[in-house]
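Now for the letters of each chain:
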Amino acid sequence: VGDCWRVTYANAQKSEDWEGTGAVACTTTHETYTYAVGTITQKFTGSWLDAKGNPRADVDNAAFQVCEAEQARVLPRLTPNEALLYPTYYIPSVAQWNAGARWVRCDLTEIRIGSLFASPDLAALPTKFADLVTAMDASPKRFALCEDDPANNGPDGDQTTYASCTGPSDWTLVFTKSVPGAIGSAFPGTSALKALGDAECVTVYSKNDHVATAVYPSATTWTKYNDRALDCWLNNN
């Protein structure tokens with residue numbers, strides 16, 4: 001706990017275990033910070049890779065739950081609304097896992113304003129993690145999710161960039177919620193998700209000439225990435 005590291009957003013997504021270089025001094029440039037280290041208490045046998053070489057969903061879910069609990073303890077005021085603050089987690093290497101290691105490293109990163117939604121960059125974090133927490137507590141809106149849409153493709157669209165919610169932006173995230181559906185469950189269908197988005201987002205938050213838009217999982221993201229996020233966006237233009 002307290003270690004600082006260098007990492008890109010892309011590399012943070014590539015593996016369940018840490019494959020970057022060693023920790024760096026927090027007085028130097030760093031993009032991620034270890035705020036907690038927890039332990040998986042469930043009993044698992046074999047590698048955390050399945051027969052196809054992919055991370056096992058049951059191990060991944062257990063690791064996520066460990067850091068979710070640590071986040072509630074260490075960062076109790078961090079909510080899904082502060083979406084620029086992006087938690088990540090890492091489990092032991094396959095060799096360490098097979099030798100019995102069950103720790104989970106819980107990190108926090110920040111997505112850089114101005115970077116593309118399709119390929120985000122991470123911001124450099126302050127020297128003291130406490131300063132980041134203080135900034136979050138003082139101005140949650142600074143870490144809220146807004147986007148600029150120069151190509152008019154809608155939220156999360158091609159060419160969309162992360163924007164500051166403290167100034168003008170094309171889109172503001174109103175809320176994000178999890179759609180019911182256990183890991184491995186069948187995709188509920190586009191029509192059902194659209195109906196849910198219309199009922200809970202579009203008809204509730206559209207006002208005057210500002211139209212709300214719901215973004216929900218596709219069949220691919222539902223199955224491949226266990227995506228269960230329903231996002232509600234308000235057009236500010």
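For the structure itself, look to the data block above.
The paragraphs below set out a description of the structure included in this document. Here the residue numbers are simple positions, counted from 1 along each chain's written sequence. The predicted origin of the model limits local features to residues at a pLDDT of at least 70 and limits the giving and counting of side-chain atom pairs to 80 or more, whereas totals for whole chains, interfaces and linings rest on all residues. Based on all heavy atoms of the structure, the side-chain values leave hydrogens and waters out of the count.

Comments concerning the pairing of strand S7 (residues 171-178)
- Strand pairing requires that DSSP identify at least two bridges connecting the strands. What counts as a helix is a DSSP run of H or I of at least four residues, what counts as a strand is a run of E of at least two, and both are numbered from the N terminus. For strand S5 (residues 146-148) and S7, the ladder comprises 2 bridges, and the chain directions are antiparallel. Within S7, the position partnered with Glu147 by the bridge is Trp171.
- Where S7 meets strand S9 (residues 229-235), 7 bridges bridge the pair, whose relative direction is antiparallel. Paired with Thr172 across the two strands is Leu234, which belongs to S9.

Some points on the environment of Gly184
- Residue position: Gly184 is located in the loop between S7 and helix H5 (190-205).
- The class of Gly184 is exposed, set by a relative accessible area of 71%.
- Separated by 42 residues in the primary sequence, Gly184 and Asn226 place their C-alpha atoms 7.8 Å from one another.
- Apart from the residues lying within four places of it in its own chain, the contact partners of Gly184 are Asn226 and Arg228. Per-residue accessibility, obtained with a 1.4 Å probe over protein chains only, is compared with the maximum for each type, and a residue is labelled buried under 20%, exposed over 50%, and partly exposed between these values. When checking whether two residues touch, look at their non-hydrogen atoms; a contact exists if any pair is within 4.5 Å.

Quick word on the pattern of salt bridges
- Within this document, salt bridges are pairs made up of a side-chain nitrogen of Lys or Arg and a carboxyl oxygen of Asp or Glu, the two lying within 4 Å of each other. One pass over the full model with this rule turns up 8 salt bridges.
- With a closest N to O distance of 2.8 Å, Lys177 and Glu200 form a salt bridge. Note that Lys177 is positioned in strand S7 and Glu200 in helix H5, a separation of 23 residues in sequence.
- Note on Glu200: relative accessible area 30%, which makes it partly exposed.

Description of the state of the cysteines
- Any cysteine sulfur atom paired with another within 2.5 Å is treated as part of a disulfide. One pass over the structure, following the stated rule, counts 4 disulfides.
- Between the sulfur atoms of Cys4 and its disulfide mate Cys26 the distance is 1.9 Å. Taking the sign of the S-S torsion, about 100° here, the bridge from Cys4 to Cys26 comes out right-handed. Separated by 22 residues along the polypeptide, Cys4 in strand S1 (residues 4-5) and Cys26 in the loop between helix H1 (9-14) and strand S2 (32-39) bring together distant segments of the chain.
- Covalent S-S linkage joins Cys201 and Cys232, the inter-sulfur distance amounting to 2.1 Å. On the sign convention where negative means left-handed, the S-S torsion of about 80° between Cys201 and Cys232 marks this disulfide as right-handed. Of this pair, Cys201 sits in helix H5 while Cys232 sits in strand S9; the two residues are 31 residues apart in sequence, bridging distant segments of the chain.
- Within the chain, bonded cysteines paired by disulfides and numbered along the sequence follow the pattern 1-2, 3-4, 5-6, 7-8.

Read these as geometric descriptors, not functional statements.
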